[in-house]
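Reading the structure
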Amino acid sequence: MNPSELIYFFMIGIPVFTLAILLWFIFRRRKNIAVVLTAILLIGYISYILYYPTMKMHTHAERYEQVTDYLTKNYPERKFTILPEYYEQGYSVGQFDVSDTKTPAIGVTLRVDKKGQVTQTSSWSNLDYPTQQELWREIEYFYGEPYTLDKKLSNITKVDEWIDGELTAFALTIDETPAIALFTYSKEGYGLVDLQQGEREGFVVVESDGYVFVFTDEKYGGKSITKNLDKGKEFTLNIDQQKGRLIVEKQQ
C-alpha cells in the first residue's frame, strides 16, 4: 500500500471512528446495540480495506478495455502496445503507457477517468543511453511539437557525422531537407546544442565552438554558398565537389 492510499484510508477512518464514538454516546444505556453497530461499522471498514486491492484490479481491467476501444476507434489502421494490461504497483488505476508497435521506444501516457474519458497526461521515451554515433536518433522524439499519438513523425536520415571530443555534428535529411544537429556527449550525459534546417534542395550553415558546419543538398544548384556569421562576417565556401557531405571549417 502506497503512502497516498494510507492517507486515503486514514481520512476515511476518521469519520468511521467518530461515528463509532457517537454510537456509544447515543446508546450508552444500551451497550449491546452499541457493540453490534460498532462491530458492523468496523467490519465494513476493514472489509473495504481488504477488498480495495481487488477493486483496483477490476477497475483497471475495465479501463484497459476502454482505452483499447478508444485506440481502435481513433486509430483503426495502427497497432499499439498498452501497458500494464493488469494492474501493477507503481501505476495509477486507469493509467497506461501506450506506444505504436512501429516506434516502441517512444510513446504517451494515457489516463482513463471514472467517466471513461481518455486523456494524454505525458509523453515518454525509453531509449537506451545512445552511443555517440547514434545521438541523432534522439531528434525523432524531440523534433517539432511534443510527441502525441497524432504527431506525424518526420523522416530523419543520417548522411554524415563529425566528432571532436564531446562535440558531435550530424548532417541529416529531415523530410528531404538538409539539416545539421550539434550535440555534446560524455559519460555524465548528453544534450542537443543546436538544430538547424535548410530549404529543400538548399543548404544549412551552423556556427559553434569556433567551427562553421555546412551541409548542402546534393541537388543544390550553386557551386558556392555565402552566409553571414554571428559577428557579421561574411562566410563564402566553394561546395561544388562537396555536396551531400558535412563540411567543417575552423574559424580563424
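Residues numbered from 1 in each chain as written. Predicted model: local features only at pLDDT ≥ 70, side-chain atom pairs only at ≥ 80, totals over all residues. Heavy atoms only, no water.

**Section: the overall build of the protein chain**
- For the protein chain, the helix and strand inventory stands at three helices and 13 strands.
- By the compact-globule yardstick of 18 Å for 252 residues, the protein chain is too spread out, its C-alpha radius of gyration being 30 Å.
- The dimensions of the protein chain, computed from C-alpha atoms along their principal axes, are 105 × 40 × 30 Å.
- Looking at the protein chain residue by residue over its 252 residues, the buried ones come to 35%.
- Relative to all contacts within the protein chain whose residues are 6 or more apart in sequence, the contacts with residues 24 or more apart total 42%.
- About 16,100 Å² of surface is accessible on the protein chain, with carbon and sulfur atoms providing 53% of the total.
- Mean positive and mean negative side-chain charge positions of the protein chain (27 and 34 charges, respectively) differ by 12 Å. (Helix = DSSP H or I, 4+ residues; strand = E, 2+ residues; numbered from the N terminus. Rg over C-alpha atoms; globule rule 2.2 N^0.38 Å. Buried < 20%, exposed > 50% of the residue type's maximum accessible area, 1.4 Å probe, protein only. Contact = heavy atoms within 4.5 Å. Areas by Shrake-Rupley, 256 points an atom, 1.4 Å probe, with all protein chains shown as cover. Lys, Arg positive; Asp, Glu negative; His and termini not counted. Charge placed at Lys NZ, Arg CZ, Asp CG, Glu CD.)

**Let's talk about the packing of aromatic side chains**
- Across all of its chains, the model carries 12 aromatic pairs by this definition.
- With centroids separated by 5.9 Å and ring planes inclined at 50°, the aromatic side chains of Y129 and Y185 adopt a geometry described as tilted. Of this pair, Y129 sits in the loop between β4 (118-125) and α3 (139-142) while Y185 sits in strand β7 (residues 177-185), placing them 56 residues apart in sequence.
- We classify Y129 as partly exposed; its relative accessible area is 45%. (Phe/Tyr/Trp six-rings, centres within 6.5 Å; stacked < 30°, edge-to-face > 60°.)

**Brief notes about the sheet that holds strand β5 (residues 156-164)**
- One open sheet accounts for four strands, arranged β5-β6-β7-β8; its pairing is antiparallel. Both edges of this open sheet fall to β5 and β8 (190-197), since each of them pairs with a single strand only. Neighbour to neighbour, the strand axes of the sheet diverge by 20° on average, direction disregarded. (Pairing = 2+ DSSP bridges. Axes fitted to C-alpha atoms, helices over the stretch in contact; angles between N-to-C directions.)

**What to know about the environment of D128**
- Secondary-structure assignment places D128 in the loop between β4 and α3.
- Residue class for D128 comes out exposed when judged on its relative accessible area of 66%.

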